[in-house]
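As a plain string of letters, each chain reads:
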Amino acid sequence: MALEPRSVAQLAGASLSLLGWVLSCLTNYLPQWKNLNLDLNEMENWTVGLWQACVTQEEVGTQCKDFDSFLALPAELRVSRVLMFLSNGLGLLGLLAAGLGLDCLRLGESRRGLKKGLLILGGTVLWAAGVAALVPVSWVAHRTVREFWDETVPEIVPRWEFGEALFLGWFAGFFLLLGGGLLNCAACSTQAARASGHYVAAETQDRRQHPETNKTHLKI
């Protein structure tokens with residue numbers, strides 16, 4: 001049986017939102033927000049994330065150290081921690097709410113208004129989670145670009161560059177925004193055809209279960 005456009009939009013929105021939430025969790029904990037390659041020692045690479053700094057050496061491997069103090073971090077990293085935690089939490093709540101509102105879940109099928117409200121709530125919360133994920137990665141990227149082209153810093157000083165986690169964060173934010181938008185569009189789409197089909201099916205089943213009543217109506 002072919003899926004309705006409404007069901008396709010719901011499944012696509014839920015899938016994109018789930019993918020975006022997983023990527024946002026990875027972005028939060030990966031230490032590759034910024035990379036530093038040393039020209040004087042090409043075998044050594046430094047990376048910095050929200051929670052730790054790591055150095056990779058060809059002979060020793062990768063060694064990481066957690067940041068000792070939250071207050072000692074730059075402002076963009078402190079705010080990024082809070083916003084990424086917010087994005088992860090909102091994403092989880094949005095997925096739970098939207099999951100309960102999906103048409104493929106038969107739970108509470110008779111209460112269409114409640115399921116529609118849950119779907120809209122889930123889509124809106126997921127949209128907010130996407131914004132909360134895009135703001136910190138974009139802020140850190142902006143500061144990295146400004147520091148990279150800062151003319152007051154001597155050219156011999158190594159410059160930080162974009163890390164892989166920033167790109168994951170951008171993908172996470174866009175997926176959450178797109179998924180939340182699809183869920184809201186699906187929730188606001190018409191259900192007239194679907195409701196009519198359910199009514200006809202229910203009426204046919206009722207006639208099969210009560211043939212005597214139907215005969216009485218015909219005689220009258």
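Calculation criteria
- Residues numbered from 1 in each chain as written.
- Predicted model: local features only at pLDDT ≥ 70, side-chain atom pairs only at ≥ 80, totals over all residues.
- Heavy atoms only, no water.
- Helix = DSSP H or I, 4+ residues; strand = E, 2+ residues; numbered from the N terminus.
- Buried < 20%, exposed > 50% of the residue type's maximum accessible area, 1.4 Å probe, protein only.
- Contact = heavy atoms within 4.5 Å.
- Disulfide = S-S within 2.5 Å.
- pLDDT = per-residue confidence, 0-100.
- Axes fitted to C-alpha atoms, helices over the stretch in contact; angles between N-to-C directions.
- Parallel < 35°, antiparallel > 145°, perpendicular 65-115°, else oblique.
- Left-handed = near helix turned anticlockwise from the far one by under 90°.
- Nonpolar A, V, L, I, M, F, W, Y, C, P; charged D, E, K, R; others polar.

(A) Broad picture of the overall build of the chain. When you go through the chain residue by residue, the secondary structure sums to six helices and five strands. Reading the chain from its N end, one meets helices and strands in the order α-β-β-β-β-α-α-β-α-α-α. By residue count, 34% of the 220 residues in the chain fall in the buried class. A separation threshold of at least 6 residues defines the contact pool for the chain, and within that pool the share at least 24 residues apart is 65%.

(B) Structural detail: the environment of leucine 50. For leucine 50, the location among the structural elements is in the loop between strand 2 (44-48) and strand 3 (52-57). By relative accessible area, which is 0% here, leucine 50 ends up buried. Residues leucine 50 and aspartate 66, 16 residues apart in the sequence, show an inter-C-alpha distance of 9.3 Å. Apart from residues no more than four positions distant in its own chain, leucine 50 is found in contact with Asn28, Trp33, Phe67, Leu73, Leu77, Ser80, Arg81 and Met84.

(C) Fine view of the state of the cysteines. Inspection of every chain in the model, using the stated rule, returns one disulfide. Between the sulfur atoms of cysteine 54 and its disulfide partner cysteine 64 the distance amounts to 2.0 Å. With the S-S bond torsion at 110°, the cross-link from cysteine 54 to cysteine 64 turns out right-handed. Here cysteine 64 lies in strand 4 (residues 61-66) and cysteine 54 lies in strand 3, a separation of ten residues in the sequence. Residue classification places cysteine 64 among the partly exposed positions, given a relative accessible area of 43%. Cysteine 185 forms no disulfide, and the closest cysteine sulfur to it belongs to cysteine 188, at a distance of 7.1 Å.

(D) Region of the structure containing the confidence of the model for the chain. Of all residues in the chain, 80% have pLDDT values of 70 or greater, and the mean over the chain is 82. Below a pLDDT of 50 lies the segment residues 192-204, which in the model reaches seven contacts outside its immediate sequence neighbourhood of four places, other chains included. Counting contacts from residues 213-220, a segment whose pLDDT is below 50, to residues more than four positions away or on other chains yields one contact.

(E) Molecular detail of the packing of helix 3 (residues 112-148) against helix 4 (residues 164-188). Two elements in contact, helix 3 and helix 4, have axes whose closest approach is 7 Å; the angle formed by their N-to-C orientations is 160°. If you check the angle between helix 3 and helix 4, you find them roughly antiparallel. Note on packing geometry: the crossing formed by helix 3 with helix 4 is left-handed. For the contact of helix 3 with helix 4, the residue count by class is 20 nonpolar, eight polar and one charged.

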